[in-house]
Amino acid sequence: MPDFNTDFYIERFRKMIECKTVSVKDSFAPEEFMKLRDVMRELFPEIHKKAEIQYFSEDCWLYKITGKDTSRNIMLMSHHDVVEATGEWKYPPFAGEVHDGKIWGRGTFDTKASLFAEFTAVEELLAAGFVPCCNLYIGSSHNEERFGDGMPSVNEYFKKEGLRFEVVLDEGGAIITPPVDGVKAAKCAMVGIHEKGRFYYTCTASNQTAYQSLIKARKKNPVERMTAFIEAVNASDMFIVNLNQPVRDMFTYIAPYISFPLNLAFANLKLTAPIIKKIMPKLNPLAKGLISTTCNFIKIEGSSAEKKCTATAYFQPVSLDDFNKDIESFTKLAEEYGITVTKNDNCDYHEPADIHSEGFRYTKKCIEEVFPEHPVVPYVLPSGGTDARVFRDVCDCNLRFTPFKISDKQLDLVHCPNENLDISCIPDGIKFYKHFVKNYR
């Protein structure tokens, strides 16, 4: 077989797409997931001969290929669950058909393609007699799409065993359109080093409030007070605006590739930070979410007859220190409307990866060698939820990068009908993971 025969790889990859490993909240249907296990054994016999394999929760995979130095560890990872294929599709969502130079189907980008490329790269290296310099793990979750317990269970196992990792490489970034205008390169290799946290707070207004004496709460029923409070939050600028270190890192890395005068502004953040904070939301619609906590009310219940109204506030902070101050301001405003604020249990925040680590430097070097035309830029995932976040406990360098060039339109189709990926991405991805694993020292 010639190296990087695209047709050969696509035929194999299609078998993974055909497995309908749909992640559904509060349930698990094993048939399609077990079918995918069989497909993986068929496609990657060398890995299944040489790896130690463990399963966590219902179907979270952990493969370990023992390296020359068994005291050191690295991990490639992805996830094999997908969201439901609802809506109208141009081509069948679980067929992996090729049209117009693209492979179509649920999971083509998110994220069976990266999983296929990882396994193919390691399979071909092992078949050629390669032994990694240290222990190589490959992980894949069955419930990443619903913030499931798969990889958190693996992380607990690692902590129990006292295992630490020099680098963890998950999905999350890609080679995409730069996040700001004026960049000289058409696309940048965006490497996720951080993702916003997730916090849920329940806001409650009732006739039994302790704040009846407050002017804004007086003579208003709970529903009216809650409505007024939500309007006040949306109209306020209470949340701290800050260029936290991960955002500063993004600007520092992108500065050499951006046009005047932004290149000077981004290269001199000590002087220009106040200006940047003002203009960032104008540079990109998502930019405001990178410099401050965002708050959305996602659930409101109650009625005047019940004499009680509750609302769930969903916060996504970049910085935990800033958020602790933000929630104080939020709570103080709530008191003015006779509303109590209670933190929910399902909250999540993890520190950013260390871009000064050897793991980040090595990953950057690999990207530059395989994709030399695309500048490497660290960034903060605006929404978050990758499995990589949980491994900050055992790895200082947990990164999010998928080695695929993808258009803005294709990126918008993730979790939507007609998800697709250029077929040229598959050999490119295999080449990258081979380079990453083979040259790690």
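In this report, we go over the structure that sits alongside the text. These numbers were taken from a predicted model, which means no experiment stands behind them.

The rules behind these values
- Residues numbered from 1 in each chain as written.
- Predicted model: local features only at pLDDT ≥ 70, side-chain atom pairs only at ≥ 80, totals over all residues.
- Heavy atoms only, no water.
- Pairing = 2+ DSSP bridges.
- Helix = DSSP H or I, 4+ residues; strand = E, 2+ residues; numbered from the N terminus.
- Axes fitted to C-alpha atoms, helices over the stretch in contact; angles between N-to-C directions.
- Contact = heavy atoms within 4.5 Å.
- 1 Å grid on protein atoms, 1.4 Å probe; cavity = no way out; pocket = protein on both sides within 12 Å on 5 of 7 lines; lining within 4 Å.
- Points joined across faces, edges and corners; volume = space filled by probe spheres on them.
- Nonpolar A, V, L, I, M, F, W, Y, C, P; charged D, E, K, R; others polar.
- Phe/Tyr/Trp six-rings, centres within 6.5 Å; stacked < 30°, edge-to-face > 60°.
- Buried < 20%, exposed > 50% of the residue type's maximum accessible area, 1.4 Å probe, protein only.
- Lys NZ or Arg CZ within 6 Å of the ring centre and 35° of its normal.

1. Things to note about the sheet that holds strand β11 (residues 294-303)
Taking strand neighbours across the sheet as the criterion, the 4 strands line up as β11-β12-β10-β13 in an open arrangement whose pairing is antiparallel. With one partner strand each, in any of the chains shown, β11 and β13 (339-343) form the two edges of the open sheet. Across the sheet, the mean angle from the axis of one strand to that of its neighbour is 20 degrees, orientation sign disregarded. Strand direction decides the pairing type here: β11 and strand β12 (residues 308-316), joined by 9 bridges, are antiparallel. Paired with Glu301 across the bridge in β12 is Thr310. Each of β10 (199-206), β11, β12 and β13 touches helix α6 (residues 222-235); the most contacted strand, β10, lies at about 140 degrees to it.

2. Description of the layout of surface pockets
Empty space within the largest pocket amounts to approximately 1400 Å³. At the level of secondary structure, the elements contributing two or more residues to the lining of the largest pocket comprise β8 (174-176), α7 (245-254), α9 (269-283), α10 (288-291), β11, β14 (376-381) and α13 (408-412). As a volume, the second largest pocket reaches approximately 380 Å³. What lines the second largest pocket is a set of 14 residues, among which Lys25, Arg146, Phe147, Arg198 and Tyr200 lie closest to the centre. For the lining of the second largest pocket, the class distribution of residues is 5 nonpolar, 2 polar and 7 charged.

3. Thoughts on the packing of aromatic side chains
All chains considered together, the criterion is met by 36 aromatic pairs. Between the aromatic rings of Phe28 and Phe33, the centroid separation amounts to 4.8 Å while the plane-to-plane angle is 45 degrees, which identifies the pairing as tilted. You can call Phe33 buried: its relative accessible area is 2%. Between Phe229 and Phe330, the aromatic rings sit 5.3 Å apart at their centres with planes inclined by 65 degrees, giving edge-to-face as the arrangement. Within this pair, whereas Phe229 is found in helix α6, its partner Phe330 is found in helix α11 (residues 320-336), the two being separated by 101 residues in sequence. Taken individually, Phe229 and Phe330 each receive the classification buried, so the pair is uniform in this respect. Over the aromatic face of Phe44 sits the side chain of Arg12, whose NZ or CZ is 5.8 Å from the ring centroid.

4. Things to note about unusual backbone geometry
Going from Asp110 to Thr111, the amide bond is cis rather than trans, its omega being -10 degrees. Following Phe260, the chain continues to Pro261 via a peptide bond in cis, the omega torsion being 10 degrees. Among the structural elements, Pro261 can be located in the loop between α7 and α8 (262-267). One non-glycine residue, His415, adopts positive backbone phi at about 70 degrees. In this structure, Asn418 is a non-glycine residue whose phi angle is positive, near 70 degrees. Looking at Asn418, the relative accessible area reads 19%, which means it is buried.

5. Overview of the sheet that holds strand β5 (residues 102-104)
Here we have 3 strands laid out as an open sheet, ordered β4-β5-β16, and antiparallel in their pairing. Sheet topology places β4 (98-99) and β16 (420-422) at the edges, where each strand pairs with a single neighbour. Sheet topology places β4 next to β5; 2 bridges connect them, and they run antiparallel. When the bridges of β5 are listed, His99 appears paired with Lys102.

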